[in-house]
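One letter stands for each residue in the lines below.
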Protein chains: 2
Amino acid sequence: MGVGTGTIVGPSFSPLYAQIKGLLIASLQAGEWKAGEAIPSELDLAARFGVSQGTVRKAIDEMAADNLLVRRQGKGTFVATHAEQKVQYRFLRLMPDEGSGSLERQLLDCRRLRAPASVARQLQMRAGDQMVEVRRLLKAEGKPVVLDDICLPGDLFKGLTTERLNQYRGPFYGLFEAEFGVHMIRAQEKIRALPADAEAARLLQVPVGTPLLSVERLSFTYGDKPVELRRGLYHTASHFYRNELN
Amino acid sequence: MGVGTGTIVGPSFSPLYAQIKGLLIASLQAGEWKAGEAIPSELDLAARFGVSQGTVRKAIDEMAADNLLVRRQGKGTFVATHAEQKVQYRFLRLMPDEGSGSLERQLLDCRRLRAPASVARQLQMRAGDQMVEVRRLLKAEGKPVVLDDICLPGDLFKGLTTERLNQYRGPFYGLFEAEFGVHMIRAQEKIRALPADAEAARLLQVPVGTPLLSVERLSFTYGDKPVELRRGLYHTASHFYRNELN
DNA sequence: AAGTGGTCTAGACCACTCT
DNA sequence: GAGTGGTCTAGACCACTTG
(Lines give C-alpha, C1' and ligand atoms only; values in the text may rest on other atoms or scores of the structure.)
Protein backbone atom coordinates (compact mmCIF):
# COMPACT_ATOMS: atom_id res chain seq x y z
CA MET A 1 0.00 0.00 0.00
CA GLY A 2 2.70 2.49 0.90
CA VAL A 3 0.98 4.30 3.69
CA GLY A 4 3.48 5.46 6.25
CA THR A 5 2.85 8.12 8.84
CA GLY A 6 3.44 11.18 6.69
CA THR A 7 6.50 12.98 5.42
CA ILE A 8 9.47 13.76 7.60
CA VAL A 9 8.86 17.49 7.82
CA GLY A 10 5.25 17.61 6.62
CA PRO A 11 2.00 18.19 8.46
CA SER A 12 2.95 15.47 10.92
CA PHE A 13 0.28 12.84 10.36
CA SER A 14 -2.23 11.52 7.88
CA PRO A 15 -4.42 8.67 9.08
CA LEU A 16 -5.11 5.74 6.82
CA TYR A 17 -8.78 6.55 6.31
CA ALA A 18 -7.88 10.05 5.10
CA GLN A 19 -5.52 8.55 2.53
CA ILE A 20 -8.26 6.14 1.42
CA LYS A 21 -10.59 9.11 1.10
CA GLY A 22 -8.05 10.85 -1.10
CA LEU A 23 -7.79 7.78 -3.34
CA LEU A 24 -11.57 7.53 -3.62
CA ILE A 25 -11.85 11.22 -4.52
CA ALA A 26 -9.15 10.75 -7.15
CA SER A 27 -11.20 7.90 -8.63
CA LEU A 28 -14.31 10.08 -8.69
CA GLN A 29 -12.35 12.84 -10.36
CA ALA A 30 -10.97 10.41 -12.93
CA GLY A 31 -14.51 9.29 -13.72
CA GLU A 32 -14.02 5.68 -12.59
CA TRP A 33 -17.63 5.79 -11.32
CA LYS A 34 -20.16 8.19 -12.84
CA ALA A 35 -22.83 10.27 -11.17
CA GLY A 36 -25.60 8.09 -9.76
CA GLU A 37 -23.65 4.85 -10.15
CA ALA A 38 -22.73 2.51 -7.29
CA ILE A 39 -19.15 2.32 -6.11
CA PRO A 40 -17.73 -1.08 -4.99
CA SER A 41 -18.88 -2.48 -1.66
CA GLU A 42 -17.01 -1.69 1.53
CA LEU A 43 -15.54 -5.18 1.66
CA ASP A 44 -14.36 -4.95 -1.96
CA LEU A 45 -12.71 -1.62 -1.30
CA ALA A 46 -11.16 -2.93 1.93
CA ALA A 47 -9.63 -5.80 -0.06
CA ARG A 48 -8.47 -3.48 -2.84
CA PHE A 49 -6.71 -1.12 -0.45
CA GLY A 50 -5.55 -3.80 1.98
CA VAL A 51 -7.25 -2.31 5.04
CA SER A 52 -10.12 -3.32 7.28
CA GLN A 53 -13.77 -2.60 6.49
CA GLY A 54 -13.91 -0.12 9.37
CA THR A 55 -11.22 2.05 7.84
CA VAL A 56 -12.98 2.17 4.47
CA ARG A 57 -16.19 2.89 6.36
CA LYS A 58 -14.76 5.95 8.02
CA ALA A 59 -13.50 7.30 4.69
CA ILE A 60 -16.92 6.79 3.10
CA ASP A 61 -18.67 8.28 6.14
CA GLU A 62 -16.79 11.52 5.67
CA MET A 63 -17.46 11.60 1.96
CA ALA A 64 -21.15 11.03 2.61
CA ALA A 65 -21.08 13.92 5.10
CA ASP A 66 -19.47 16.04 2.37
CA ASN A 67 -22.29 15.07 -0.02
CA LEU A 68 -19.88 13.35 -2.38
CA LEU A 69 -21.47 9.94 -1.85
CA VAL A 70 -24.88 8.67 -0.79
CA ARG A 71 -25.29 5.51 1.28
CA ARG A 72 -28.34 3.31 0.85
CA GLN A 73 -28.64 0.46 3.30
CA GLY A 74 -28.95 -2.91 1.64
CA LYS A 75 -28.21 -1.49 -1.80
CA GLY A 76 -24.81 0.10 -1.84
CA THR A 77 -22.99 3.41 -1.91
CA PHE A 78 -23.62 5.75 -4.83
CA VAL A 79 -21.98 8.77 -6.39
CA ALA A 80 -24.05 11.80 -5.42
CA THR A 81 -25.83 13.60 -8.24
CA HIS A 82 -27.80 16.80 -8.69
CA ALA A 83 -30.10 15.02 -11.16
CA GLU A 84 -32.39 13.21 -8.74
CA GLN A 85 -35.68 14.28 -7.22
CA LYS A 86 -34.61 14.09 -3.59
CA VAL A 87 -31.81 16.63 -3.70
CA GLN A 88 -32.91 18.66 -6.71
CA TYR A 89 -31.96 22.28 -6.41
CA ARG A 90 -29.53 21.39 -3.62
CA PHE A 91 -27.87 24.78 -3.98
CA LEU A 92 -31.03 26.86 -4.48
CA ARG A 93 -32.11 28.36 -1.16
CA LEU A 94 -35.05 30.35 -2.43
CA MET A 95 -38.35 29.46 -0.75
CA PRO A 96 -41.86 30.75 -1.40
CA ASP A 97 -43.68 32.48 1.45
CA GLU A 98 -46.52 30.04 0.87
CA GLY A 99 -47.14 27.06 -1.35
CA SER A 100 -44.77 24.39 -2.60
CA GLY A 101 -43.14 26.56 -5.22
CA SER A 102 -42.11 24.65 -8.32
CA LEU A 103 -40.20 26.93 -10.66
CA GLU A 104 -40.34 27.19 -14.44
CA ARG A 105 -37.24 28.00 -16.41
CA GLN A 106 -36.96 30.46 -19.28
CA LEU A 107 -33.73 30.63 -21.19
CA LEU A 108 -32.81 34.14 -22.29
CA ASP A 109 -29.43 33.78 -23.82
CA CYS A 110 -26.48 31.46 -24.35
CA ARG A 111 -23.37 32.73 -26.05
CA ARG A 112 -19.62 32.30 -26.14
CA LEU A 113 -17.25 35.17 -25.52
CA ARG A 114 -13.85 36.09 -24.18
CA ALA A 115 -13.69 36.21 -20.40
CA PRO A 116 -13.23 39.65 -18.88
CA ALA A 117 -10.50 39.92 -16.28
CA SER A 118 -12.79 39.84 -13.24
CA VAL A 119 -14.49 36.60 -14.32
CA ALA A 120 -11.26 35.01 -15.49
CA ARG A 121 -9.60 35.66 -12.17
CA GLN A 122 -12.32 33.96 -10.15
CA LEU A 123 -12.51 30.98 -12.50
CA GLN A 124 -8.70 30.72 -12.58
CA MET A 125 -8.56 31.27 -16.32
CA ARG A 126 -6.54 33.77 -18.31
CA ALA A 127 -8.27 36.98 -19.34
CA GLY A 128 -9.47 36.54 -22.91
CA ASP A 129 -9.94 32.76 -22.66
CA GLN A 130 -13.20 31.47 -24.07
CA MET A 131 -16.16 31.29 -21.72
CA VAL A 132 -19.87 30.54 -22.02
CA GLU A 133 -22.45 32.93 -20.65
CA VAL A 134 -25.98 31.72 -19.96
CA ARG A 135 -28.77 33.98 -18.84
CA ARG A 136 -32.16 32.77 -17.71
CA LEU A 137 -35.24 33.53 -15.68
CA LEU A 138 -36.91 31.40 -13.05
CA LYS A 139 -40.64 31.97 -12.71
CA ALA A 140 -43.14 30.99 -10.03
CA GLU A 141 -46.70 30.84 -11.26
CA GLY A 142 -45.78 32.85 -14.32
CA LYS A 143 -44.12 35.69 -12.42
CA PRO A 144 -40.35 36.13 -12.78
CA VAL A 145 -38.49 35.71 -9.49
CA VAL A 146 -34.84 35.04 -10.34
CA LEU A 147 -32.59 36.43 -13.04
CA ASP A 148 -29.42 34.36 -13.37
CA ASP A 149 -26.24 35.18 -15.22
CA ILE A 150 -24.00 32.12 -15.42
CA CYS A 151 -20.37 32.07 -16.52
CA LEU A 152 -18.62 28.79 -17.39
CA PRO A 153 -15.12 27.99 -18.70
CA GLY A 154 -15.35 27.40 -22.45
CA ASP A 155 -12.96 24.47 -22.53
CA LEU A 156 -15.02 22.36 -20.12
CA PHE A 157 -18.36 23.07 -21.80
CA LYS A 158 -17.57 22.71 -25.50
CA GLY A 159 -20.91 21.50 -26.87
CA LEU A 160 -23.14 23.72 -24.72
CA THR A 161 -25.86 25.36 -26.82
CA THR A 162 -29.27 26.92 -26.34
CA GLU A 163 -30.89 23.77 -27.75
CA ARG A 164 -29.12 21.42 -25.32
CA LEU A 165 -30.13 23.63 -22.42
CA ASN A 166 -33.75 23.78 -23.53
CA GLN A 167 -34.03 20.06 -24.20
CA TYR A 168 -32.83 19.02 -20.77
CA ARG A 169 -35.35 18.41 -17.98
CA GLY A 170 -34.27 19.21 -14.45
CA PRO A 171 -31.60 21.49 -13.04
CA PHE A 172 -28.58 22.66 -15.04
CA TYR A 173 -26.24 20.91 -12.65
CA GLY A 174 -27.77 17.58 -13.71
CA LEU A 175 -27.00 18.39 -17.34
CA PHE A 176 -23.47 19.47 -16.48
CA GLU A 177 -22.84 16.08 -14.85
CA ALA A 178 -24.41 13.97 -17.57
CA GLU A 179 -23.10 15.80 -20.63
CA PHE A 180 -19.84 17.34 -19.50
CA GLY A 181 -18.76 15.27 -16.52
CA VAL A 182 -18.56 18.36 -14.31
CA HIS A 183 -19.79 17.82 -10.72
CA MET A 184 -20.48 20.80 -8.53
CA ILE A 185 -19.63 19.68 -5.04
CA ARG A 186 -19.36 22.92 -3.10
CA ALA A 187 -20.05 26.63 -3.55
CA GLN A 188 -19.71 29.90 -1.73
CA GLU A 189 -22.12 32.77 -2.04
CA LYS A 190 -21.83 36.49 -1.38
CA ILE A 191 -25.18 38.12 -0.76
CA ARG A 192 -26.03 41.81 -0.93
CA ALA A 193 -29.06 44.03 -1.35
CA LEU A 194 -29.01 46.10 -4.53
CA PRO A 195 -31.44 48.34 -6.42
CA ALA A 196 -32.76 46.96 -9.72
CA ASP A 197 -31.12 48.54 -12.77
CA ALA A 198 -33.08 49.15 -15.96
CA GLU A 199 -32.51 45.73 -17.48
CA ALA A 200 -33.13 43.73 -14.31
CA ALA A 201 -36.28 45.79 -13.69
CA ARG A 202 -37.57 45.02 -17.16
CA LEU A 203 -36.88 41.30 -17.00
CA LEU A 204 -38.14 40.83 -13.45
CA GLN A 205 -41.11 43.14 -14.10
CA VAL A 206 -40.45 45.45 -11.16
CA PRO A 207 -39.86 49.22 -10.96
CA VAL A 208 -36.31 50.44 -11.41
CA GLY A 209 -34.68 50.76 -7.99
CA THR A 210 -36.62 47.92 -6.38
CA PRO A 211 -34.39 46.25 -3.76
CA LEU A 212 -33.16 42.87 -5.03
CA LEU A 213 -31.10 40.17 -3.44
CA SER A 214 -27.80 39.85 -5.31
CA VAL A 215 -26.41 36.33 -4.92
CA GLU A 216 -22.93 35.84 -6.31
CA ARG A 217 -22.00 32.17 -6.38
CA LEU A 218 -18.66 30.56 -7.08
CA SER A 219 -18.98 26.78 -7.51
CA PHE A 220 -16.22 24.22 -7.18
CA THR A 221 -15.65 20.71 -8.44
CA TYR A 222 -13.20 18.06 -7.16
CA GLY A 223 -9.89 19.44 -6.06
CA ASP A 224 -11.38 22.83 -5.20
CA LYS A 225 -11.30 23.85 -8.84
CA PRO A 226 -13.71 26.74 -9.54
CA VAL A 227 -15.90 25.96 -12.55
CA GLU A 228 -18.88 28.29 -12.38
CA LEU A 229 -19.45 31.91 -11.53
CA ARG A 230 -23.10 32.78 -11.21
CA ARG A 231 -24.81 36.02 -10.38
CA GLY A 232 -28.46 35.80 -9.39
CA LEU A 233 -30.86 38.64 -8.74
CA TYR A 234 -33.77 37.51 -6.56
CA HIS A 235 -37.01 39.39 -6.25
CA THR A 236 -37.96 38.79 -2.62
CA ALA A 237 -41.52 40.09 -2.45
CA SER A 238 -43.10 36.66 -2.04
CA HIS A 239 -39.98 34.51 -1.74
CA PHE A 240 -37.04 34.51 0.65
CA TYR A 241 -33.55 33.06 0.90
CA ARG A 242 -33.50 30.37 3.56
CA ASN A 243 -30.39 29.57 5.54
CA GLU A 244 -29.74 27.15 8.37
CA LEU A 245 -27.08 28.01 10.94
CA ASN A 246 -25.40 25.32 13.00
CA MET B 1 -29.82 0.37 30.71
CA GLY B 2 -33.19 -0.46 29.16
CA VAL B 3 -32.24 -0.31 25.54
CA GLY B 4 -34.45 -2.59 23.44
CA THR B 5 -34.96 -2.22 19.73
CA GLY B 6 -37.67 0.42 19.79
CA THR B 7 -41.41 0.41 20.42
CA ILE B 8 -43.70 -2.17 18.84
CA VAL B 9 -45.34 0.21 16.38
CA GLY B 10 -42.83 3.06 16.52
CA PRO B 11 -40.15 4.19 14.14
CA SER B 12 -38.82 0.63 14.04
CA PHE B 13 -35.31 1.05 15.39
CA SER B 14 -33.11 3.21 17.55
CA PRO B 15 -29.45 2.26 17.78
CA LEU B 16 -27.67 2.35 21.10
CA TYR B 17 -25.43 5.29 20.22
CA ALA B 18 -28.49 7.38 19.37
CA GLN B 19 -29.96 6.63 22.78
CA ILE B 20 -26.67 7.57 24.43
CA LYS B 21 -26.72 10.79 22.45
CA GLY B 22 -30.21 11.50 23.76
CA LEU B 23 -29.06 10.94 27.34
CA LEU B 24 -26.06 13.23 26.87
CA ILE B 25 -28.25 15.96 25.41
CA ALA B 26 -30.61 15.60 28.35
CA SER B 27 -27.65 16.08 30.68
CA LEU B 28 -26.58 19.20 28.79
CA GLN B 29 -30.12 20.53 28.96
CA ALA B 30 -30.29 19.81 32.69
CA GLY B 31 -27.06 21.76 33.17
CA GLU B 32 -25.02 18.80 34.44
CA TRP B 33 -22.05 20.31 32.58
CA LYS B 34 -21.86 24.02 31.85
CA ALA B 35 -20.68 25.83 28.73
CA GLY B 36 -16.93 25.47 28.26
CA GLU B 37 -16.57 22.71 30.87
CA ALA B 38 -15.26 19.23 30.15
CA ILE B 39 -17.64 16.28 30.15
CA PRO B 40 -16.43 12.91 31.53
CA SER B 41 -13.96 10.91 29.46
CA GLU B 42 -15.19 8.41 26.90
CA LEU B 43 -14.20 5.50 29.14
CA ASP B 44 -16.03 7.00 32.11
CA LEU B 45 -19.17 7.48 30.06
CA ALA B 46 -18.87 3.97 28.61
CA ALA B 47 -18.75 2.61 32.16
CA ARG B 48 -21.66 4.79 33.28
CA PHE B 49 -23.91 3.66 30.43
CA GLY B 50 -22.64 0.09 30.31
CA VAL B 51 -21.56 0.18 26.68
CA SER B 52 -18.24 0.05 24.84
CA GLN B 53 -16.06 3.08 24.24
CA GLY B 54 -16.79 2.88 20.51
CA THR B 55 -20.50 3.37 21.08
CA VAL B 56 -19.96 6.44 23.26
CA ARG B 57 -17.53 7.66 20.65
CA LYS B 58 -20.08 7.55 17.89
CA ALA B 59 -22.60 9.47 20.02
CA ILE B 60 -20.01 12.15 20.81
CA ASP B 61 -18.89 12.28 17.17
CA GLU B 62 -22.39 13.21 16.09
CA MET B 63 -22.73 15.80 18.83
CA ALA B 64 -19.41 17.33 17.82
CA ALA B 65 -20.65 17.46 14.21
CA ASP B 66 -23.77 19.24 15.52
CA ASN B 67 -21.53 21.76 17.32
CA LEU B 68 -22.87 20.73 20.72
CA LEU B 69 -19.48 19.48 21.90
CA VAL B 70 -15.88 20.21 21.03
CA ARG B 71 -13.21 17.50 21.13
CA ARG B 72 -9.65 18.36 22.04
CA GLN B 73 -7.15 15.57 21.67
CA GLY B 74 -5.25 14.84 24.83
CA LYS B 75 -7.43 17.16 26.91
CA GLY B 76 -11.00 16.01 26.78
CA THR B 77 -14.41 16.80 25.35
CA PHE B 78 -15.98 20.15 26.17
CA VAL B 79 -19.39 21.74 26.04
CA ALA B 80 -19.41 24.11 23.07
CA THR B 81 -19.73 27.80 23.85
CA HIS B 82 -20.22 31.03 21.94
CA ALA B 83 -17.92 32.82 24.40
CA GLU B 84 -14.54 31.80 23.03
CA GLN B 85 -12.33 33.48 20.47
CA LYS B 86 -12.24 30.66 17.97
CA VAL B 87 -15.96 30.45 17.22
CA GLN B 88 -16.95 33.97 18.17
CA TYR B 89 -19.81 35.25 16.08
CA ARG B 90 -20.55 31.71 14.92
CA PHE B 91 -23.93 32.82 13.64
CA LEU B 92 -22.85 36.15 12.12
CA ARG B 93 -22.19 35.73 8.42
CA LEU B 94 -21.38 39.33 7.64
CA MET B 95 -17.97 39.85 6.08
CA PRO B 96 -16.17 43.04 5.08
CA ASP B 97 -15.18 43.46 1.43
CA GLU B 98 -11.67 44.14 2.66
CA GLY B 99 -9.90 44.16 5.99
CA SER B 100 -10.39 41.97 9.02
CA GLY B 101 -13.54 43.69 10.20
CA SER B 102 -13.85 43.78 13.96
CA LEU B 103 -17.20 45.25 14.93
CA GLU B 104 -18.08 47.65 17.72
CA ARG B 105 -21.38 47.36 19.50
CA GLN B 106 -23.69 50.23 20.40
CA LEU B 107 -26.70 49.47 22.55
CA LEU B 108 -29.75 51.53 21.60
CA ASP B 109 -32.49 50.19 23.77
CA CYS B 110 -33.47 47.42 26.18
CA ARG B 111 -37.01 47.25 27.48
CA ARG B 112 -39.65 44.81 28.64
CA LEU B 113 -43.05 44.65 26.99
CA ARG B 114 -45.93 42.35 26.20
CA ALA B 115 -45.28 40.15 23.18
CA PRO B 116 -47.36 40.92 20.10
CA ALA B 117 -49.07 37.93 18.52
CA SER B 118 -46.59 37.50 15.66
CA VAL B 119 -43.57 37.34 17.98
CA ALA B 120 -45.37 35.19 20.55
CA ARG B 121 -46.30 32.62 17.93
CA GLN B 122 -42.74 32.16 16.70
CA LEU B 123 -41.31 31.97 20.23
CA GLN B 124 -44.10 29.60 21.28
CA MET B 125 -45.38 31.97 23.95
CA ARG B 126 -48.87 33.30 24.53
CA ALA B 127 -49.68 36.72 23.10
CA GLY B 128 -49.28 39.24 25.91
CA ASP B 129 -46.59 37.26 27.77
CA GLN B 130 -43.62 39.31 28.91
CA MET B 131 -40.73 39.64 26.50
CA VAL B 132 -37.48 41.62 26.34
CA GLU B 133 -36.63 43.70 23.31
CA VAL B 134 -33.04 44.74 22.67
CA ARG B 135 -32.01 47.04 19.88
CA ARG B 136 -28.44 47.72 18.92
CA LEU B 137 -26.07 48.83 16.20
CA LEU B 138 -22.94 47.14 14.98
CA LYS B 139 -20.33 49.48 13.55
CA ALA B 140 -17.24 48.91 11.44
CA GLU B 141 -14.68 51.70 11.68
CA GLY B 142 -17.26 53.98 13.15
CA LYS B 143 -19.84 53.47 10.40
CA PRO B 144 -23.07 51.67 11.28
CA VAL B 145 -23.52 48.43 9.34
CA VAL B 146 -26.12 46.38 11.21
CA LEU B 147 -29.29 47.35 13.03
CA ASP B 148 -30.54 44.48 15.19
CA ASP B 149 -33.89 44.11 16.89
CA ILE B 150 -33.81 41.17 19.30
CA CYS B 151 -36.82 39.59 21.01
CA LEU B 152 -36.38 37.23 23.97
CA PRO B 153 -38.87 35.43 26.23
CA GLY B 154 -39.19 37.39 29.49
CA ASP B 155 -39.27 34.37 31.78
CA LEU B 156 -35.87 33.07 30.62
CA PHE B 157 -34.11 36.43 30.79
CA LYS B 158 -35.29 37.88 34.08
CA GLY B 159 -32.33 40.00 35.11
CA LEU B 160 -31.45 41.32 31.66
CA THR B 161 -30.81 45.06 31.74
CA THR B 162 -29.02 47.72 29.72
CA GLU B 163 -26.20 47.73 32.28
CA ARG B 164 -25.59 43.98 32.11
CA LEU B 165 -25.52 44.14 28.32
CA ASN B 166 -23.08 47.04 28.31
CA GLN B 167 -20.77 45.50 30.92
CA TYR B 168 -20.33 42.22 29.07
CA ARG B 169 -17.39 41.81 26.66
CA GLY B 170 -17.96 39.57 23.67
CA PRO B 171 -21.05 38.42 21.85
CA PHE B 172 -24.51 38.43 23.43
CA TYR B 173 -24.74 34.67 23.06
CA GLY B 174 -21.82 34.33 25.46
CA LEU B 175 -23.68 36.42 28.01
CA PHE B 176 -26.85 34.42 27.52
CA GLU B 177 -24.95 31.22 28.32
CA ALA B 178 -23.06 32.53 31.32
CA GLU B 179 -25.83 34.52 32.97
CA PHE B 180 -29.03 32.80 31.93
CA GLY B 181 -27.97 29.26 30.99
CA VAL B 182 -29.48 29.61 27.54
CA HIS B 183 -27.42 27.99 24.76
CA MET B 184 -28.23 28.78 21.16
CA ILE B 185 -27.44 25.64 19.24
CA ARG B 186 -29.15 26.18 15.90
CA ALA B 187 -30.94 28.92 13.98
CA GLN B 188 -32.76 29.48 10.74
CA GLU B 189 -32.70 32.71 8.79
CA LYS B 190 -35.01 34.21 6.20
CA ILE B 191 -33.28 36.78 4.04
CA ARG B 192 -34.86 39.43 1.86
CA ALA B 193 -33.96 42.75 0.25
CA LEU B 194 -35.95 45.70 1.59
CA PRO B 195 -35.85 49.47 1.25
CA ALA B 196 -34.73 51.39 4.36
CA ASP B 197 -37.62 53.04 6.20
CA ALA B 198 -37.19 56.39 7.93
CA GLU B 199 -35.90 55.00 11.23
CA ALA B 200 -33.53 52.47 9.74
CA ALA B 201 -32.22 55.13 7.37
CA ARG B 202 -31.52 57.47 10.26
CA LEU B 203 -29.78 54.88 12.41
CA LEU B 204 -27.75 53.35 9.60
CA GLN B 205 -26.98 56.78 8.13
CA VAL B 206 -28.23 55.99 4.64
CA PRO B 207 -30.91 57.62 2.45
CA VAL B 208 -34.47 56.43 2.89
CA GLY B 209 -35.17 53.67 0.37
CA THR B 210 -31.61 52.32 0.29
CA PRO B 211 -31.73 48.55 -0.32
CA LEU B 212 -30.93 46.67 2.89
CA LEU B 213 -30.54 43.01 3.67
CA SER B 214 -33.30 41.93 6.06
CA VAL B 215 -32.17 38.91 8.07
CA GLU B 216 -34.86 37.36 10.23
CA ARG B 217 -33.38 34.79 12.59
CA LEU B 218 -35.15 32.30 14.81
CA SER B 219 -32.73 30.63 17.25
CA PHE B 220 -33.25 27.36 19.08
CA THR B 221 -31.87 25.80 22.23
CA TYR B 222 -31.88 22.13 23.29
CA GLY B 223 -35.02 20.25 22.36
CA ASP B 224 -35.71 22.55 19.39
CA LYS B 225 -37.17 25.16 21.70
CA PRO B 226 -37.21 28.62 20.04
CA VAL B 227 -35.71 31.23 22.37
CA GLU B 228 -34.79 34.20 20.24
CA LEU B 229 -36.33 36.08 17.37
CA ARG B 230 -33.98 38.56 15.81
CA ARG B 231 -34.40 40.91 12.91
CA GLY B 232 -31.27 42.43 11.45
CA LEU B 233 -30.98 45.08 8.77
CA TYR B 234 -27.59 44.92 7.06
CA HIS B 235 -26.14 47.73 5.01
CA THR B 236 -24.26 45.87 2.29
CA ALA B 237 -22.29 48.66 0.62
CA SER B 238 -18.92 47.45 1.92
CA HIS B 239 -19.96 44.21 3.59
CA PHE B 240 -21.68 41.06 2.37
CA TYR B 241 -23.43 38.02 3.79
CA ARG B 242 -21.27 34.98 3.26
CA ASN B 243 -22.73 31.52 2.84
CA GLU B 244 -21.17 28.15 2.15
CA LEU B 245 -23.14 25.56 0.21
CA ASN B 246 -22.37 21.87 0.48
C1' DA C 1 -30.28 -17.04 0.61
C1' DA C 2 -26.89 -13.83 -0.57
C1' DG C 3 -25.17 -9.29 -0.56
C1' DT C 4 -25.20 -4.65 1.08
C1' DG C 5 -24.65 -1.11 4.63
C1' DG C 6 -25.30 -0.40 10.01
C1' DT C 7 -24.29 -1.48 14.85
C1' DC C 8 -21.54 -3.06 18.67
C1' DT C 9 -17.72 -5.07 20.94
C1' DA C 10 -12.87 -5.82 22.77
C1' DG C 11 -8.42 -4.91 22.37
C1' DA C 12 -4.11 -2.90 20.68
C1' DC C 13 -1.57 0.92 19.73
C1' DC C 14 -0.70 6.03 18.39
C1' DA C 15 -0.81 11.23 19.12
C1' DC C 16 -1.32 14.84 22.20
C1' DT C 17 -1.44 17.38 26.77
C1' DC C 18 -0.21 18.08 31.30
C1' DT C 19 2.23 17.23 35.50
C1' DG D 1 4.10 8.58 33.17
C1' DA D 2 -0.77 8.93 33.26
C1' DG D 3 -4.81 10.34 31.06
C1' DT D 4 -7.21 11.94 27.12
C1' DG D 5 -8.96 11.53 22.42
C1' DG D 6 -7.72 9.20 17.63
C1' DT D 7 -6.80 5.19 14.66
C1' DC D 8 -7.08 0.48 13.19
C1' DT D 9 -8.31 -4.25 13.44
C1' DA D 10 -11.19 -8.61 13.49
C1' DG D 11 -15.25 -10.54 14.27
C1' DA D 12 -20.16 -11.03 15.41
C1' DC D 13 -24.61 -9.89 14.52
C1' DC D 14 -28.63 -6.80 12.78
C1' DA D 15 -31.47 -4.29 9.15
C1' DC D 16 -32.55 -3.77 4.54
C1' DT D 17 -32.79 -5.00 -0.49
C1' DT D 18 -32.83 -8.08 -4.24
C1' DG D 19 -33.25 -12.40 -6.52
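Reference entry: report on the structure contained in this document. (Residues numbered from 1 in each chain as written. Chains lettered and ligands numbered in written order. Predicted model: local features only at pLDDT ≥ 70, side-chain atom pairs only at ≥ 80, totals over all residues. Heavy atoms only, no water.)

Taken together, the 32 residues of chain A in the interface contact 32 residues of chain B. The largest share of the area that chain A buries against chain B comes from A:Arg192, A:Leu245 and A:Asn246, three residues that together contribute 26% of it. In this assembly, chain A and chain B are joined by 4 salt bridges. The partner of B:Arg192 in a salt bridge is A:Asp97, with the nearest N and O atoms 2.4 Å apart. Taken together, chain A and chain B are joined by 21 residue pairs in polar contact (both at pLDDT 80 or more). Mapped onto the side of chain A that touches chain B, the elements with two or more residues apiece are strand 8 (186-195), strand 9 (211-221) and strand 11 (239-245) of chain A. At 10 residues, the largest contribution of residues to the side of chain A that touches chain B is made by strand 8 of chain A. Within the side of chain A that touches chain B, the residues separate by chemical class into 14 nonpolar, 7 polar and 11 charged. (Contact = heavy atoms within 4.5 Å. Buried area = accessible area lost by both parts, 1.4 Å probe. Salt bridge = Lys/Arg side-chain N within 4 Å of Asp/Glu carboxyl O. Polar contact = N/O pair within 3.5 Å; in protein donor to acceptor, adjacent residues only side chain to side chain. Helix = DSSP H or I, 4+ residues; strand = E, 2+ residues; numbered from the N terminus. Nonpolar A, V, L, I, M, F, W, Y, C, P; charged D, E, K, R; others polar.)

So, about the relation of the copies chain A and chain B. Mapping chain A onto chain B calls for a rotation angle of 180 degrees and an axial translation of 0.0 Å; the resulting RMSD is 0.0 Å. Put plainly, the chains are arranged around a two-fold axis. Of the interface residues in chain A, 100% have counterparts in chain B that sit at the interface too, so the contact is made through matching surfaces. (Least-squares fit on C-alpha atoms with pLDDT ≥ 70 in both.)

This part is about the protein's contact with DNA strand D. Close to DNA strand D lie 19 residues, the nearest being A:Leu16, A:Tyr17, A:Ser52, A:Thr55 and A:Gln73. Near the protein, within 4 Å, the atoms of DNA strand D are sugar or phosphate in 88% of cases. With respect to DNA strand D, the side chain of A:Lys75 contributes an N or O atom lying 3.5 Å from a phosphate oxygen. One nitrogen or oxygen atom from the main chain of B:Gly74 is found 3.0 Å from a base nitrogen belonging to DNA strand D. Every element with two or more residues in the surface near DNA strand D is listed here: helix 1 (16-30) and helix 3 (53-65) of chain A together with strand 2 (69-72) and strand 3 (76-79) of chain B. (Near = heavy atom within 4 Å.)

Next up on the list: the pattern of salt bridges. Taken as a whole and assessed by the stated rule, the structure comprises 38 salt bridges over all chains. Here B:Glu199 and B:Arg135 are joined by a salt bridge, their closest N and O atoms 3.0 Å apart. Highlighted residues: B:Glu199 in helix 7 (residues 198-204) and B:Arg135 in strand 6 (residues 130-140), separated in sequence by 64 residues. A salt bridge links B:Asp148 to B:Arg136; the shortest N-O distance between them is 3.0 Å. In this pair, B:Asp148 is assigned in strand 7 (residues 143-153) and B:Arg136 in strand 6, connecting sequence segments 12 residues apart. Among the residues examined, B:Arg136 registers a relative accessible area of 7% and is labelled buried. Here the residues in one salt-bridge network are A:Glu42, A:Arg57, A:Asp61 and A:Arg71, joined through shared partners. (Buried < 20%, exposed > 50% of the residue type's maximum accessible area, 1.4 Å probe, protein only.)

The analysis is restricted to geometry; functional conclusions fall outside its scope.
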